[in-house]
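An overview of the molecular structure
For reference, the chains in residue letters:
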Amino acid sequence: MLPLDQPYPEARARAYRNAGYWTGETFPQLLRKWAEDHPSHPAIIDASGTDPRVLTYGELQYRAERFGAGLLAQGLKPGARVVVQLPNCVEFFVAVFGLFAAGMQPVFALPAHRQTEIAHFLTKAEAEALIIQDTHDGYDCRVMAQGLQKQCSNLSHVFVKGDADVFTAFETVQAQPIGLPADPAPSSVAFLLISGGSTGLPKLIPRTHDDYLYSIRESARICGLSASTRYLAVLPVSHNFTLSSPGSFGTLLSGGCVVLPRSSSAGDCLPLIEYYRVTIAAVVPPLAQLWLNALKGKQHDLTSLRVLQVGGAKLQPEIAMQIEPALGCRLQQVFGMAEGLVNYTRLDDPEDIRINTQGRPISKADEVRVVDDTGDRVPVGLPGHLQVRGPYTICTYHNDDGANARSFTDDGFYCTGDIVSRDDMGNLTVQGRAGDHINRAGEKFSAEEVENHILALDRVMDVAIVSIPDASLGERSCAFVEPRTGVSIRPVEIRKFLRKREIAPYKIPDEIEIVSSLQKTAVGKLSRKDLRQQLRSKHLSEKA
Ligand code: OOB
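Everything quoted here is computed from the prediction, not taken from an experiment.

Next up on the list: the UniProt feature "domain: AMP-dependent synthetase/ligase" (unreviewed entry) in the protein chain. Mapped onto this numbering, the UniProt entry gives "domain: AMP-dependent synthetase/ligase" (unreviewed entry) at residues 31-397. Overall, residues 31-397 shows 34% helix and 24% strand. The separation of its end C-alpha atoms is 27 Å.

With that out of the way, let us pick up the site of the ligand. With respect to spatial proximity, 19 residues lie near the ligand, and among them His239, Val334, Ala338, Asp418 and Lys444 are the closest. A total of 590 Å² of accessible area belongs to the ligand in isolation, and the protein chains cover 94% of it. If you list the elements that add at least two residues to the shell around the ligand, you get α8 (240-244), β16 (330-337) and β22 (428-433). Looking at the shell around the ligand, the element that brings in the most residues is β16, giving four residues. Of the residues assigned to the shell around the ligand, the class counts are seven nonpolar, eight polar and four charged.

Within the secondary structure layout, glutamate 324 lies in helix α12 (residues 317-327). Put simply, glutamate 324 and arginine 306 are 18 residues apart on the chain and 9.9 Å apart in space, counted from C-alpha to C-alpha. When neighbours within four sequence positions are excluded, glutamate 324 is seen to be in contact with Cys329, Arg330, Leu331 and Arg354.

As a further point, take the sheet that holds strand β20 (residues 384-389). The strand order across the open sheet built from four strands is β19-β20-β21-β22, with neighbouring strands paired in antiparallel fashion. Unpaired on one side and paired on the other, β19 (367-371) and β22 mark the two borders of the sheet. Ignoring which end each strand starts from, the neighbouring axes of this sheet average 45° apart. Pairing of β19 with β20 involves five bridges; the strand directions are antiparallel. Bridged to valine 368 within β20 is valine 388.

Turning our eyes to something else, we now look at the pattern of salt bridges. Within this structure, the stated rule accounts for 30 salt bridges. Residues arginine 330 and glutamate 324 are paired through a salt bridge, measuring 3.6 Å at the closest nitrogen-oxygen approach. Assessed through its relative accessible area of 17%, glutamate 324 is described here as buried. Note that lysine 538 is salt-bridged to glutamate 542, the shortest N-O span being 2.7 Å. Of this pair, lysine 538 and glutamate 542 are both found in helix α18 (residues 528-543), four residues apart, which corresponds to roughly one turn of the helix. The class for lysine 538 is partly exposed, based on a relative accessible area of 34%. You can call glutamate 542 partly exposed: its relative accessible area is 47%. The network of salt bridges with shared partners includes Asp46, Arg53, Glu91 and Lys161.

Here the focus is the confidence of the model for the protein chain. Per-residue confidence for the protein chain gives a mean pLDDT of 96; residues scoring 70 or more make up 100%. The ipTM value of the predicted complex is 1.00, and its pTM value is 0.97.

Further remarks concern the sheet that holds strand β26 (residues 474-483). The sheet built from three strands is open, its strands ordered β25-β26-β27 with mixed pairing. Across the chains shown, the open sheet's two edge strands, defined by having one partner strand only, are β25 (460-470) and β27 (511-514). The sheet shows a mean angle of 25° between the axes of neighbouring strands, taken without regard to direction. As paired elements, β25 and β26 share ten bridges and run antiparallel to each other. Across the sheet, residue valine 460 finds its bridge partner in β26, namely proline 483. Here helix α16 (residues 491-500) sits on the sheet in contact with β26 and β27, set at roughly 130° to β27. The strands touched by α18 are β25, β26 and β27; relative to β25, the strand with the most contacts, the crossing angle is about 60°.

Within the secondary structure, lysine 507 is located in the loop between α16 and β27. Taking the relative accessible area as the measure of exposure, lysine 507 reaches 2% and is therefore buried. Those residues in contact with lysine 507, other than ones at most four positions away along the chain, are Glu117, Pro202, Phe445, Glu449 and Val450.

The next subject is empty space enclosed by the protein. In the structure shown here, the tally under the stated rule is one cavity of 30 Å³ or more. In this structure, the largest cavity encloses a volume near 40 Å³. Along its surface, the largest cavity is lined by Gln85, Leu86, Pro87, Pro111, Gln133, His136 and Cys141. Across the lining of the largest cavity, the residue classes break down as four nonpolar, three polar and no charged.

Another aspect to go through is the nonpolar core. Phe27, Leu60, Phe93, Phe97, Ile131, Leu232 and Trp291 are the most contacted members of the largest nonpolar core, which totals 123 residues. No other element matches the nine residues that helix α4 (residues 90-101) contributes to this core. In contact with phenylalanine 97, not counting residues within four places along its chain, are Phe27, Leu31, Trp34, Leu60, Ala64, Phe249 and Leu252. Ranked by size, the runner-up nonpolar core spans 27 residues in total, among them Val107, Ala127, Leu155 and Ile194.

It is worth spelling out the packing of aromatic side chains at this point. Scanning the entire structure with this criterion turns up 25 aromatic pairs. Consider the rings of phenylalanine 67 and phenylalanine 170, whose centres lie 4.6 Å apart with planes at 20°: the pair is stacked. Residue phenylalanine 67 is found in helix α3 (residues 57-73), and its partner phenylalanine 170 is found in the loop between β9 (168-169) and β10 (189-194); the two are separated by 103 residues along the sequence. Across the pair, phenylalanine 170 and phenylalanine 67 agree in class, each one buried. Grouping aromatic residues by their ring pairs yields a cluster made of Phe27, Trp34, Tyr57, Phe92, Phe93, Phe97, Phe100, Phe108, Phe191, Tyr212 and Phe249. Across from the ring centre of tyrosine 397, 5.3 Å away, lies the NZ or CZ of lysine 203, which sits over that ring. Here the guanidinium or amino end of arginine 369 rests over the ring plane of phenylalanine 413, the centre of that ring lying 3.6 Å away.

What counts and what doesn't
Residues numbered from 1 in each chain as written. Predicted model: local features only at pLDDT ≥ 70, side-chain atom pairs only at ≥ 80, totals over all residues. Heavy atoms only, no water. UniProt positions renumbered as here; feature names shortened; annotations may be inferred. Helix = DSSP H or I, 4+ residues; strand = E, 2+ residues; numbered from the N terminus. Near = heavy atom within 4 Å. Areas by Shrake-Rupley, 256 points an atom, 1.4 Å probe, with all protein chains shown as cover. Nonpolar A, V, L, I, M, F, W, Y, C, P; charged D, E, K, R; others polar. Contact = heavy atoms within 4.5 Å. Pairing = 2+ DSSP bridges. Axes fitted to C-alpha atoms, helices over the stretch in contact; angles between N-to-C directions. Salt bridge = Lys/Arg side-chain N within 4 Å of Asp/Glu carboxyl O. Buried < 20%, exposed > 50% of the residue type's maximum accessible area, 1.4 Å probe, protein only. pLDDT = per-residue confidence, 0-100. 1 Å grid on protein atoms, 1.4 Å probe; cavity = no way out; pocket = protein on both sides within 12 Å on 5 of 7 lines; lining within 4 Å. Points joined across faces, edges and corners; volume = space filled by probe spheres on them. Core = buried A, V, L, I, M, F, W, Y, C linked by side-chain atoms within 4.5 Å. Phe/Tyr/Trp six-rings, centres within 6.5 Å; stacked < 30°, edge-to-face > 60°. Lys NZ or Arg CZ within 6 Å of the ring centre and 35° of its normal.

In structure tokens, the structure reads:
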């Protein structure tokens, strides 16, 4: 099995330790400390089912350690990697802290992922186990797991929350917490996150205890979290934004309480904010817009809410402007990435900065540069490629030489793929993306990944997928499909084919246009990038 690694150069690692950024703490150690400090304080309120469930810090530690010991009793060994695909529920936290306690590494999949993506994560991470819920949003994850067992020879254990069917029930995985391994090295990899990058399949992002805990600690400070924080986890808990910016981990680190809603809808979330006196919530821009619309109709007492964080995709200033008056709280823009760098507008920034920028980095040790196509720095205020190196930004993806060669400069900067401009205070404004990825309501995927699925249809000659600006989603995807000579194909057939290929539903193109020739549809012989650009412009002018 390929070892997990995050090779910060020794000189930089030493500097981060000396500066006190990396403190040497680890997740299992912290859970014990939290449970000792405030055992009966509520850690998680799970309001996703019919009856709310409350888990205190003491109970979280108790259940997590028993679960960790249970995994060992099932024959898994410390060092095993385990793909976790759970919706927002108490079991997610029990599973993740249980894995930490057992010295195993979670791989965080999203609830929308399907067999194709999960198979990729299992294979790439050489994971031995999978933790799922029985069904989610009408999708039977157990059927998926059966397919995965045939597809992935390394998958030996499947644990299911709910009706386990032929698999092992999550609730039965428990044992006396003896024989748990010693705490991991703080510089070791704690887990793998998923990237939504511009090329090919999602990549795996190894994050260490040292680096992740630093970003969480600083995020919690910047966002003013404390033991009285009540954080509403609106987006999937396994996403980096919801985990750590400051997210549920930042809330737990501060001794606060995480509230889990049934869904992200205004109808589910606004009453919970009122009932549980939620102080901070995090959403993507399309959700902010939906919540604003819902607020026009109904009165809710949202006086407890101090901060609404909006991030994951570009928030338009026109929407940003409406948030503070409508919700009576501070807007905080968050521009982050699973690879590391997170930018926040600060709570006391002037209004102009809060509305019009995506904030500035967490740390003064974040080395941010904005460069042109040749790698030269661009002057303040002008757009360029964002590159970053720092105490919580990765130096390498896991097991992906191609992506590593493309994504990092020789001097170790991560090329984010984002086009930004920077003001003289260091605030960044996102202007776009250099690569071909689609950011659909905060859910990202590469055009190439879905093009490759469509190319598997033998009646298809060529395909190009482009992002189209969309008033409610931010971006939607449009596939231009060229059939082979002499055959025809209908959009409905392509959609059906894609659903059968078991990919996340958000990757299925919102629009499909059948064209006679892609190169003729655009003009002249073009690079892929220019072709996409021309198709996008043509599509927009036709629909205008
Ligand atoms: C967050 O993380 P990822 O890994 O799902 O996506 C990262 C990409 C960024 O490179 C950028 O293209 C886009 O998502 N993005 C934004 C943005 N926040 C993220 N684009 C414009 N404005 C923003 N505010 O999405 C993520 C991770 C941690 C905190 C927040 C978001």
